[in-house]
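What follows is the residue order along each chain.
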Amino acid sequence: MYARISLLAIALISLCLHSVKAQVDHGGADYAAVSGEVLDTDHVNIGVFTVPEGARVITEGTVLIQAREIVISGILDASASGSLGGFEEDPCLSGGGATVREPTGPGGGGVGGAGDPWPTAQCGGGGGHGGEGGRAELLTLPTHQRGFGGAPYGEPNAPSVQQGSGGGRGDVLCCPCSSGEGGRGGGAVALRAWMSVTITGEVWSNGGAGTAGSSATSTGAGGGGSGGTVLIDTASLSFSGVIE
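Even after reading the chapter, I still don't get the pattern of salt bridges, so can you show me in this structure?
A side chain of one charge can pair with a side chain of the opposite charge if their charged atoms are brought near each other. Evaluated as defined, the whole model comprises seven salt bridges. Across the salt bridge formed by arginine 169 and glutamate 88, the nearest N and O atoms sit 2.7 Å from each other. A residue pair is termed long-range when its members are at least 10 positions apart, and arginine 169 in the loop between strand S9 (99-101) and strand S10 (177-178) and glutamate 88 in strand S8 (residues 87-90) qualify at 81 residues. With respect to burial, arginine 169 and glutamate 88 carry one shared label: buried. One salt-bridge network, in which partners are shared between bridges, spans Glu88, Glu102 and Arg169.

Explain the packing of aromatic side chains here, please?
Any two aromatic rings considered together are summarised by their centre-to-centre distance and by the angle between their planes. Summed over the entire model, instances satisfying the criterion amount to one aromatic pair. Between tyrosine 31 and phenylalanine 49, the aromatic rings sit 5.9 Å apart at their centres with planes inclined by 50°, giving tilted as the arrangement. In this pair, tyrosine 31 is assigned in strand S2 (residues 31-32) and phenylalanine 49 in strand S4 (residues 42-51), connecting sequence segments 18 residues apart.

Can you walk me through the pairing of strand S11 (residues 188-199) in this structure?
Here is the key point about a regular strand: its side chains alternate between the two faces of the sheet. Alignment of strand S6 (residues 62-72) against S11, held across 10 bridges, turns out to be parallel. Across the sheet, the residue bridging to isoleucine 70 is valine 197, located in S11. Relative to strand S14 (residues 237-239), S11 runs parallel, the two sharing three bridges. Looking at S14, one finds that threonine 198 is bridged to serine 238.

Please explain the confidence of the model for the protein as it appears in this structure.
Close reading of the predicted structure is inappropriate where its pLDDT is low. Of the residues in the protein, 85% have a pLDDT of 70 or more, and the chain-wide mean is 86. When the criterion is pLDDT under 50, residues 1-19 qualifies, and its contacts beyond four places in sequence or with other chains add up to 37 contacts.

Hey, could you run me through the pairing of S8 in this one?
Taken together, the three bridges between S8 and S9 define a ladder with antiparallel strand orientation. The residue of S9 that forms the bridge with glutamate 89 is threonine 99. As judged from the two bridges shared by S8 and S10, these two strands associate in the antiparallel manner. Following the sheet pairing, glutamate 89 is matched in S10 by serine 178.

What should I look at first to understand the nonpolar core in this one?
Within soluble globular proteins, side chains that are nonpolar generally end up buried alongside one another. Counting residues in each nonpolar core, the largest one holds 24 residues, and the members touching the most others are Phe49 and Ile70. Only S4, S6, S11 and strand S13 (229-234) provide two or more residues apiece to this core. Those residues within four positions of phenylalanine 49 in sequence are excluded, and the remaining contacts are Tyr31, Ala33, Leu39, Ile65, Ala67, Glu69, Ile70, Val71 and Ile72.

Definitions and limits used
Residues numbered from 1 in each chain as written. Predicted model: local features only at pLDDT ≥ 70, side-chain atom pairs only at ≥ 80, totals over all residues. Heavy atoms only, no water. Salt bridge = Lys/Arg side-chain N within 4 Å of Asp/Glu carboxyl O. Helix = DSSP H or I, 4+ residues; strand = E, 2+ residues; numbered from the N terminus. Buried < 20%, exposed > 50% of the residue type's maximum accessible area, 1.4 Å probe, protein only. Phe/Tyr/Trp six-rings, centres within 6.5 Å; stacked < 30°, edge-to-face > 60°. Pairing = 2+ DSSP bridges. pLDDT = per-residue confidence, 0-100. Contact = heavy atoms within 4.5 Å. Core = buried A, V, L, I, M, F, W, Y, C linked by side-chain atoms within 4.5 Å.

If you want it as structure tokens, here you go:
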């Protein structure tokens, strides 16, 4: 899921943005990312950081870009690179249990339950972030065991760079079967420039979609992950592009 955010909502000034990741120090040199490149660590002390027109550059997890100037003419994509969604697999192994992964992140989506009449597997709920995640569609009545949305977190008046949360897993009522997997949350990207940020392209931090289960009737689909964070910290901002 994603939302188009107003310029005022994302042009935030953060004087206390810190990163604990390993950093690549460019020594003041310019750095032009190339299409298909994956940035999975912080990049600091750059002259001009550029995502050229027509290029799509991917960030993984939480990434800080720190430069004198930042120019985004192509696409900087942090989508579905945040917290993992939930998943369950029942392999019907003798004496063994199911493999279960709960959704991660502060706003992980709720797990789908068994439907009524049985076996109708309900779907997982969506991850929360700036608001509560979406509830799964109620597939059968009068059951109420659908996955509920994850809890909201984040404080707009004290912005922090946080990843989106994973979607909840669907229910599993057959064997061997696997649930639908919850979508990953969006990653987090901070653009910090001590002179200017210019965005004529696009910056994405959408949550990933959930997947269907291995059986159309006895496994529920996973919920979608929530979007992550796009934070801009700069003395001058020129914006005519898109932020999702």
